[in-house]
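# Structure at a glance
Each chain is listed here by its residues.
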Amino acid sequence: MTARRRRTRPPKRAMSLEQLNTWLNTLEPAAKVDGTSMLDGYLTAIVIGPRSIPPDEWFVDLLGEHGHIATASGTTLAAITAIVGRFNAISEGLSAAPKQHAPIFEKADDGTVMPHPWCMGFLAAMRLRFEAWRPLRDLDRLEHGLLLPILLYCVDTLGQPMLGPPRKGPETEAFIRSAYHDIPLVIPEIRTFWMPERLREAKGQA
């Protein structure tokens, strides 16, 4: 998963995203993500982040004891294949047509978009190289704004909003309801921001 967009080759069989969602929700011990929306956020951060992270590392972080790629079989292998497929789709889509990228957001029964799981998945993957993300976490940098639409929907380990308590009032509520529209816009920008870093990393490994 370098800046060269090395493709991870999946096995021949894979779950559908719907089947994968069910598998993730019933996995024991529980995975770090609880469904395909949170998974999609996690994978997106792995794809566009400041460092290339080996699949052996992030799969174990993601799935725990079920994330050992070399020994996976049966249903677990089918799930891993589906995850690899989505990883490749995100990577290739952002490379070929970044403006068409569409995150997988959960929706309530009434159609209301719920961006929180996707954003928490993104944050979970950030934590694998949290220090490397510091330039975009720096409040004094203009580029910090690229993370705002994502962190707005995230909470810390104590369940408190990552960006602090929001101001009360209808305007804030309206902003929170609609800010997720900016997430598909900032994803390619975050990728572009880190691309020089990824290229330097790739050259260093050559």
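Below you will find a few notes about this structure. Everything numeric here is computed off the predicted structure, so don't read it as measured data. (Residues numbered from 1 in each chain as written. Predicted model: local features only at pLDDT ≥ 70, side-chain atom pairs only at ≥ 80, totals over all residues. Heavy atoms only, no water.)

### Notes on the side chain of Thr 44
Tracing the chain through its elements places Thr 44 in helix α2 (residues 36–48). Given a relative accessible area of 0%, Thr 44 falls into the buried group. Beyond its immediate stretch of four places on either side in the chain, Thr 44 contacts Ile 90, His 101, Trp 118, Phe 122 and Ile 187. (Helix = DSSP H or I, 4+ residues; strand = E, 2+ residues; numbered from the N terminus. Buried < 20%, exposed > 50% of the residue type's maximum accessible area, 1.4 Å probe, protein only. Contact = heavy atoms within 4.5 Å.)

### Concerning the packing of aromatic side chains
Tallied over the entire structure, the rule returns 9 aromatic pairs. Ring centres 4.3 Å apart and planes at 20° place the aromatic pair Trp 58 and Phe 59 in the stacked group. With a relative accessible area of 0%, Trp 58 lands in the buried category. Members of the aromatic cluster, each reached through a chain of ring pairs, are Phe 105, Trp 118, Phe 122, Trp 133, Tyr 180, Phe 193 and Trp 194. (Phe/Tyr/Trp six-rings, centres within 6.5 Å; stacked < 30°, edge-to-face > 60°.)

### A word on the nonpolar core
Membership of the largest hydrophobic core comes to 54 residues, with the highest contact counts inside it found for Tyr 42, Trp 58, Leu 63, Phe 122 and Ile 190. Looking at this core, the elements that each hand over two or more residues are α1 (17–26), α2, α3 (55–63), α4 (74–96), α5 (116–126), α7 (148–151) and α9 (183–205). Looking at this core element by element, the count peaks at 9 residues for α4. (Core = buried A, V, L, I, M, F, W, Y, C linked by side-chain atoms within 4.5 Å.)

### A few points about the environment of Ala 89
The topology assignment puts Ala 89 in helix α4. Note: C-alpha distance between Ala 89 and Arg 198 (109 residues apart in sequence) is 19 Å.

### Quick notes on the packing of α2 against α5
Between α2 and α5, the least distance of the axes is 6 Å, while the angle of their chain directions is 40°. By the angle between their axes, α2 is oblique relative to α5. In the crossing of α2 with α5, the sense of the turn from one axis to the other is right-handed. In this structure, α2 uses Ser 37, Met 38, Asp 40, Gly 41, Tyr 42, Thr 44, Ala 45, Ile 46 and Ile 48 to contact α5, whose residues at the interface are Pro 117, Trp 118, Met 120, Gly 121, Phe 122, Ala 124, Ala 125 and Met 126. Classifying every residue of the contact of α2 with α5 gives 12 nonpolar, 4 polar and 1 charged. (Axes fitted to C-alpha atoms, helices over the stretch in contact; angles between N-to-C directions. Parallel < 35°, antiparallel > 145°, perpendicular 65-115°, else oblique. Left-handed = near helix turned anticlockwise from the far one by under 90°. Nonpolar A, V, L, I, M, F, W, Y, C, P; charged D, E, K, R; others polar.)

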